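# Inside the fold
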Amino acid sequence: MDVMRKLEILSNSAKYDASCSSSGSNRKNTKGGIGNAASSGICHSWSQDGRCISLLKILYTNKCIYDCKYCINRASNDLERTSFTPKEVVDLTMNFYRRNYIEGLFLSSGVERSPDYTMENLVKIVKDLRLIHKFNGYIHVKAIPGADPKFIYEAGLYADRMSVNIELPSERSLKLLAPQKSKDAILKPMGLITQSIIESTEYKKKGFKSPKFTPGGQSTQIMVGATNESDLSVISLTEGLYNTFGLKRVYYSAYVPVVSHINLPAIQTTPPLLKEHRMYQADWLLRYYGFKANELLDKQNPNFDIDLDPKAFWALNNLDKFPVEVNNAPYETLLRVPGIGVTSALRIIRARRLCNLSYDNLKKIGIVLKRARYFLTCSGKFYGDKDMERERLKNYLLDYESFDKPEQLSLFIQRSDLFG
């Protein structure tokens, strides 16, 4: 099979992996080398079917010994199988980079023969790129669960970022849809990568010359919608991963019905993209807004409201905490007001040092007042609805784009409308 046909098959097989990021690395070019992975030098965009355009996003092989029920490359699925050789991947990367088609490599793989065999070949690819071809562009490599730790460590010495995909949010789901995988086998390489990053950082702090180990950190991917876990269980897992492994990002992938199985949702259904979107919004609140998973959801409310973003949903479930006075509320409290983000909260803190803020001041600062006014006061004055009733507020929030907005006359007004 020629290389271009392999590329067509293996790039198509890789498009379901969402954790394709090029941020966080600062690898510079070296004398006689080619490319760099500085954060300002890498950009990426997404095609409609999920592929990252600026990175060469491929599988090393779609041959796989595992039979994960949700995966298009599962062992029992009838599809055309192929593998690159390490040299073919290296040549493709270098040729595409020189032609300015790509700015880096995102390399994942099915598990061919064994985890060790597959991971050893991935290591050979990244070593050849770095040491033989002096390639200093961005490289993201997937760590294969179950592979010998020495291969995973060696890959981390040459990659800018590594990731181990969790895919399913619970051990019960793994047993149901991916019985050949185990939670421990997935978490073990994540722990190894985390520890190696910490050790590399500590050596540098002490003044020792230490090789870079995945300077862009590590990430993972969780699939949503393939099983019936609650949103609470997913964001609790996310919070645990950030706290335990110091991940740069957790990516969420709406389950795409590419295969049919009794344990999977019906293949006719569309991907739960809105559920995926809510997960990303909740993830943002965990990372930048100081929320905890058990604050956003609890056993009484284990799932987000599909109609509302997670922050507004939390606010409606905690109306006893509102309204807050914008002129003296702490920064952490301001962040919890719907319509106030990190940037606008900082602007409020700086501006109120000079004077008491009014409603008009907040408009100039950039607060989304059509949401925020129901949850704050300015110098004791409340501009929202005095009846803080949950369902009524929800309706206001759902219609905030049109609420209080002057109606523009239509060009096609009926004659009866003009004359009463």
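Placed above this text is the structure.
Structural notes, computed from the coordinates.

Quick notes on the rules
- Residues numbered from 1 in each chain as written.
- Predicted model: local features only at pLDDT ≥ 70, side-chain atom pairs only at ≥ 80, totals over all residues.
- Heavy atoms only, no water.
- Pairing = 2+ DSSP bridges.
- Helix = DSSP H or I, 4+ residues; strand = E, 2+ residues; numbered from the N terminus.
- Phe/Tyr/Trp six-rings, centres within 6.5 Å; stacked < 30°, edge-to-face > 60°.
- Buried < 20%, exposed > 50% of the residue type's maximum accessible area, 1.4 Å probe, protein only.
- Lys NZ or Arg CZ within 6 Å of the ring centre and 35° of its normal.
- Salt bridge = Lys/Arg side-chain N within 4 Å of Asp/Glu carboxyl O.
- Polar contact = N/O pair within 3.5 Å; in protein donor to acceptor, adjacent residues only side chain to side chain.
- Contact = heavy atoms within 4.5 Å.
- Core = buried A, V, L, I, M, F, W, Y, C linked by side-chain atoms within 4.5 Å.
- Axes fitted to C-alpha atoms, helices over the stretch in contact; angles between N-to-C directions.

All right, on to the sheet that holds strand 7 (residues 324–325) then. Strand order in this open sheet of three strands is 7-8-9, and the pairing throughout is mixed. Of all strands in the sheet, those bounded by a partner on one side alone are strand 7 and strand 9 (381–382).

As a further point, take the packing of aromatic side chains. Scanning all chains against the criterion turns up 12 aromatic pairs. Relative to F322, the ring of W314 has its centre 5.9 Å away and its plane inclined at 85°; by these criteria the two rings are edge-to-face. With respect to class, W314 is no different from F322; both count as buried. Seen in terms of ring centroids, Y374 and Y396 are 5.2 Å apart; in terms of plane orientation they differ by 10°. Their pairing is stacked. One end of the pair, Y374, is in the loop between helix 14 (369–372) and strand 8 (376–378); the other, Y396, is in helix 15 (residues 390–398), and 22 residues separate them in sequence. Each member of the pair, Y374 as well as Y396, is classed as buried. By the ring-pair criterion, three or more aromatic residues cluster together here, those being F291, W314, F322 and F375. Lying over the aromatic face of Y251, R249 brings its terminal NZ or CZ to 4.6 Å of the ring centre. The aromatic ring of F291 is capped on one face by R336, whose charged end is 4.2 Å from the ring centroid.

What follows covers the pattern of salt bridges. In total, this model carries 16 salt bridges according to the counting rule given. We note a salt bridge from K6 to E88, for which the minimum N-O separation is 3.1 Å. Highlighted residues: K6 in helix 1 (residues 3–14) and E88 in helix 2 (residues 86–98), separated in sequence by 82 residues. A residue is classified by how much of its surface remains accessible, and E88, at 17% relative accessible area, is buried. Here E202 ties to K205 by a salt bridge, and the two come within 3.8 Å at their closest N and O atoms. Remark: K205 and E202 occur in helix 6 (residues 183–205); sequence separation between them is three residues, near one turn of the helix. Overall, the relative accessible area of 35% leaves E202 in the partly exposed class. Salt bridges linked by common partners bring R5, E8 and E80 together as one network.

Time to look at the side chain of R336. The residue R336 is located in the loop between helix 11 (331–334) and helix 12 (342–351) in this model. What makes R336 buried here is its relative accessible area of 15%. One polar contact links the side chain of R336 to the main-chain carbonyl oxygen of G290, over a distance of 3.1 Å. Of the polar contacts made by the side chain of R336, one reaches the side chain of E295; its length is 2.7 Å. In this structure, R336 is in contact with G290, F291, E295, K311, W314 and F322, ignoring residues within four places of it in sequence.

Further remarks concern the nonpolar core. The biggest cluster of nonpolar side chains holds 106 residues, and the ones touching the most others in it are M119, I235, L296, I340, I348, L362 and F375. The residues touching F375, leaving out its near neighbours within four places in the chain, are A315, L316, L319, F322, P323, V324, V337, P338, F382 and L397.

The next subject is the sheet that holds strand 5 (residues 218–224). Overall, parallel pairing links the six strands, which are arranged 1-2-3-4-5-6 in an open sheet. The sheet terminates laterally at strand 1 (55–59) and strand 6 (249–254), the two strands that pair on one side only. Ignoring strand direction, the axes of neighbouring strands in this sheet form an average angle of 20°. Where strand 1 and strand 2 (residues 104–108) come together, five bridges link them in parallel fashion. By the bridge assignment, I58 is partnered in strand 2 with L107.

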